[in-house]
Amino acid sequence: MSDRKDLTSGSVWKKLALFALPIVAMNLLQAVYSIVDMIIVGQFVGSVGMSAVSIGGQITTLVLVTCSGIANGCSVYIGNLSGLKRYREMNGYVGSMLSFLLILALFFTLAIIAFCTPLLKALNTPAESFDDTRIYLIISMLGTVFVYGYGLLSAALRGTGESVKPLVYVIITTVENIVLDLLFVAVLDMGAVGAAVATVISQATSCALVAFYVARHTPLFDFRLSSFKIDKTKLSAQLAVGMPQAVQYVCTNISFLFISSLVNSFGIAASAAAGAANKLSSFGTMPGIACMTAIVTMTAQNHPRKDFRRIIRGMVCGLVLSLSVSVIFVLLCQIAPETMYRLFTSDTSVLDVGISYLKYFSLCFIGETTMFCLFGVITGSGYTKATMFSGIFSSFAVRYLLSYVLCHYTALGFDGIALGFVFSPFVGIAVSIFFFITGKWKKNKLYGADEY
């Protein structure tokens, strides 16, 4: 492993920044594409298309974050093996998890396609955008197997300290996606369906690129047919860490679907406005998510060495870096909310309901960024059940319940939903502070790590 990828020595600030910056750039590109996708659909299709992409995207996100959570279990174990220089064992761990995730991807694809109509009805999908949302969702689900493959392999790469190669592949596929979006939506007039087709093609490309690199240049996985098998011990060890995160992510996104139902009850303009605000949140929380990923890897590599001081320094570094960016973006949303919305649409009905909503909503970026960095240490230490329970509680008991009360029983109305997002992260922050004060995170929670 090169010195750049080894997070167990050298300057903490330099190593964390060098690891996190490609992730920031990668998330920025993905966020840019996501926003460009919404802009293209908004400009050429209108609020109906924006609503379809927003609602359909929330459901596909629910499926995709399942992979992200589970794959983090693999990333933590690969980080442990990297810190202990046990490279030969990686193939078995990656092979077991990849085989499991490909089966899971097929299951989700078939299930969502089979039940998409009643699911969209349960979400109060506006009648004007129902048909477009249904077709968009079905096509988007066809890319699940590619997303799961890419998600697992890129997570394994992060465990080794590699964050540059995934950035290169995201650059390639983002450009591809935007070009295809313009072709299918603007030129061929395929509407939201064209956006979905462009996304699936780009997902397949990214999966193929990362698989080629892993097979040719790393010890992670050799892609031999005999390696596609599930070792129950290795899979169970990774699921013990990754599954609580998957449950947390799924429950969090289910709460978003519940909130989407609240949003949709205010009409199609509110649906489009909330969708645009959610796209903007990709920028506001992006630094925190990137630094969390870096902190997870730094913690995973240093935890078996019991270098807890280095782990804490990494967390502080991540907090400073990510908050400095998030605060600036919050200020932009406060000062120029209309300008932000006009990136997506000039529809006055969307602007009327969206400007005050965004001002409230953007405040959550600070709390979420702080929570993400604190969660990085807890996740890298293997205490994902703690983040799971706090995440579920904050999603339903705080975000959804508070949003419901504020939008239905106060004069805030639609804006009350935004405030539910603002207060939600403080539960996770409180749980994290408890773990740091008690020192529980220093204890070994990784199943099967016998050489600690």
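Treat the numbers as computed from the prediction; the structure is a model and nothing was measured.

Reading the values: the criteria
Residues numbered from 1 in each chain as written. Predicted model: local features only at pLDDT ≥ 70, side-chain atom pairs only at ≥ 80, totals over all residues. Heavy atoms only, no water. Helix = DSSP H or I, 4+ residues; strand = E, 2+ residues; numbered from the N terminus. Buried < 20%, exposed > 50% of the residue type's maximum accessible area, 1.4 Å probe, protein only. Contact = heavy atoms within 4.5 Å. Areas by Shrake-Rupley, 256 points an atom, 1.4 Å probe, with all protein chains shown as cover. Lys, Arg positive; Asp, Glu negative; His and termini not counted. Charge placed at Lys NZ, Arg CZ, Asp CG, Glu CD. Core = buried A, V, L, I, M, F, W, Y, C linked by side-chain atoms within 4.5 Å. Salt bridge = Lys/Arg side-chain N within 4 Å of Asp/Glu carboxyl O. pLDDT = per-residue confidence, 0-100. Expected span 1.5 Å × (residues − 1). Bend = angle between axes of the 7 residues up to and from the residue. Phe/Tyr/Trp six-rings, centres within 6.5 Å; stacked < 30°, edge-to-face > 60°. Patch = residues over 30% accessible without salt bridge, like charges linked within 9 Å, V, L, I, M, F, W, Y side chains within 5 Å. Axes fitted to C-alpha atoms, helices over the stretch in contact; angles between N-to-C directions. Parallel < 35°, antiparallel > 145°, perpendicular 65-115°, else oblique. Left-handed = near helix turned anticlockwise from the far one by under 90°. Polar contact = N/O pair within 3.5 Å; in protein donor to acceptor, adjacent residues only side chain to side chain.

Caption draft 1: A look at the overall build of the chain. Within the chain, the secondary structure is distributed over 17 helices and 0 strands. For the chain, the spread of C-alpha atoms along the principal axes amounts to about 60 × 45 × 35 Å. Taking all 452 residues of the chain together, 59% fall into the buried category. Residue pairs at least 24 apart in sequence account for 83% of intrachain contacts in the chain once pairs closer than 6 positions are excluded. When the accessible surface of the chain is summed, it comes to about 17400 Å², and 68% of that surface belongs to carbon and sulfur atoms. Averaging the positions of the 30 positive and the 21 negative side-chain charges in the chain gives two centres separated by 15 Å.

Caption draft 2: Representation of the nonpolar core within the structure. Ranked by size, the top nonpolar core spans 80 residues in total, and within it Ile78, Val94, Met97, Leu101, Leu152 and Leu220 carry the most contacts. With 13 residues, the top contributor of residues to this core is helix 2 (residues 47-83).

Caption draft 3: Seen up close, the environment of isoleucine 311. With respect to the helices and strands, isoleucine 311 occurs in helix 11 (residues 308-335). Isoleucine 311 sits 177 residues away from arginine 134 along the chain, and the two C-alpha atoms are 46 Å apart. Apart from residues no more than four positions distant in its own chain, isoleucine 311 is found in contact with Met298, Thr299, Asn302, His303, Val377 and Trp441.

Caption draft 4: Quick peek at the pattern of salt bridges. Scanning all chains against the criterion turns up 3 salt bridges. Close ionic contact of arginine 86 with glutamate 89 constitutes a salt bridge, the shortest N to O distance being 2.9 Å. Under the relative-accessibility criterion, arginine 86 is labelled buried at 16%. Classification of glutamate 89 as partly exposed rests on a relative accessible area of 29%. Here aspartate 231 makes a salt bridge to lysine 234, at a shortest N to O gap of 3.6 Å.

Caption draft 5: Quick peek at the confidence of the model for the chain. When pLDDT is averaged along the chain, the result is 83; 93% of the residues meet or exceed 70. Ranking the elements of the chain by mean pLDDT puts helix 1 (residues 12-44) last, at 74, and helix 3 (residues 90-114) first, at 91. Within the model, pLDDT remains below 50 along residues 447-452, and this stretch shows 12 contacts once partners closer than five positions in the same chain are excluded.

Caption draft 6: Region of interest: helix 15 (residues 384-409). Taking 1.5 Å per residue as the helical rise, helix 15 with its 26 residues ought to reach 38 Å, and the 35 Å between its terminal C-alpha atoms agrees with that figure. The largest bend in helix 15 comes to about 30 degrees, at serine 394.

Caption draft 7: Expanded view of the packing of aromatic side chains. Taken as a whole, this structure holds 20 aromatic pairs when the rule is applied. When the ring of phenylalanine 266 is compared with that of phenylalanine 414, the centres are 5.8 Å apart and the planes differ by 50 degrees; the resulting orientation is tilted. Of this pair, phenylalanine 266 sits in the loop between helix 9 (232-264) and helix 10 (268-302) while phenylalanine 414 sits in the loop between helix 15 and helix 16 (415-423); the two residues are 148 residues apart in sequence, bridging distant segments of the chain. The exposure class of phenylalanine 266 is partly exposed, given its relative accessible area of 36%. An angle of 65 degrees between the planes, with centres 5.0 Å apart, marks the rings of phenylalanine 361 and phenylalanine 421 as edge-to-face. With phenylalanine 361 in helix 13 (residues 348-361) and phenylalanine 421 in helix 16, this pair connects stretches of sequence that are 60 residues apart. Looking at phenylalanine 361, the relative accessible area reads 2%, which means it is buried.

Caption draft 8: Highlighting helix 17 (residues 425-438). Between its first and last C-alpha, helix 17 extends 21 Å over 14 residues, near the 20 Å set by a 1.5 Å rise per residue. Among the residues making up helix 17, those that are buried are Pro425, Val427, Gly428, Ile429, Ser432 and Phe435. Among the structural elements, helix 14 (364-380), helix 15 and helix 16 are those in contact with the buried residues of helix 17. Remark: glycine 439 follows helix 17 within two positions and exhibits a positive phi of approximately 80 degrees.

Caption draft 9: Looking closely at the side chain of threonine 109. By secondary structure assignment, the location of threonine 109 is in helix 3. A relative accessible area of 11% places threonine 109 in the buried class. Residues contacting threonine 109, with those up to four places away along its chain left out, are Met141, Leu142 and Thr144.

Caption draft 10: Seen up close, a nonpolar patch on the surface. Taken together, the side chains of Trp13, Val316, Val320 and Leu321 present a nonpolar region at the surface, about 330 Å² in accessible area. With 3 residues, helix 11 is the largest single contributor of residues to the nonpolar patch. As for its position among the elements, valine 320 is in helix 11.

Caption draft 11: Spatial organisation of the packing of helix 15 against helix 16. For the pair helix 15 and helix 16, the least separation of the axes is 7 Å and the interaxial angle reads 150 degrees. The angle between helix 15 and helix 16 falls in the class roughly antiparallel. Classified by chirality, the crossing of helix 16 by helix 15 is right-handed. Listed contacts from helix 16 to Val398, Arg399, Leu402, Ser403, Leu406 and Cys407 of helix 15 are Gly416, Ile417, Leu419, Gly420, Phe421 and Phe423.

Caption draft 12: A look at the environment of phenylalanine 107. Along the chain, phenylalanine 107 falls in helix 3. For phenylalanine 107, a relative accessible area of 52% translates into the label exposed. Measuring from C-alpha to C-alpha, the distance between phenylalanine 107 and threonine 144 comes to 9.9 Å, with 37 residues separating the pair along the chain.

Caption draft 13: Molecular detail of the side chain of serine 255. Examined against the element boundaries, serine 255 turns out to sit in helix 9. Polar side-chain contacts of serine 255 include one of 3.4 Å to the side chain of arginine 399. The residues touching serine 255, leaving out its near neighbours within four places in the chain, are Ser395, Phe396 and Arg399.

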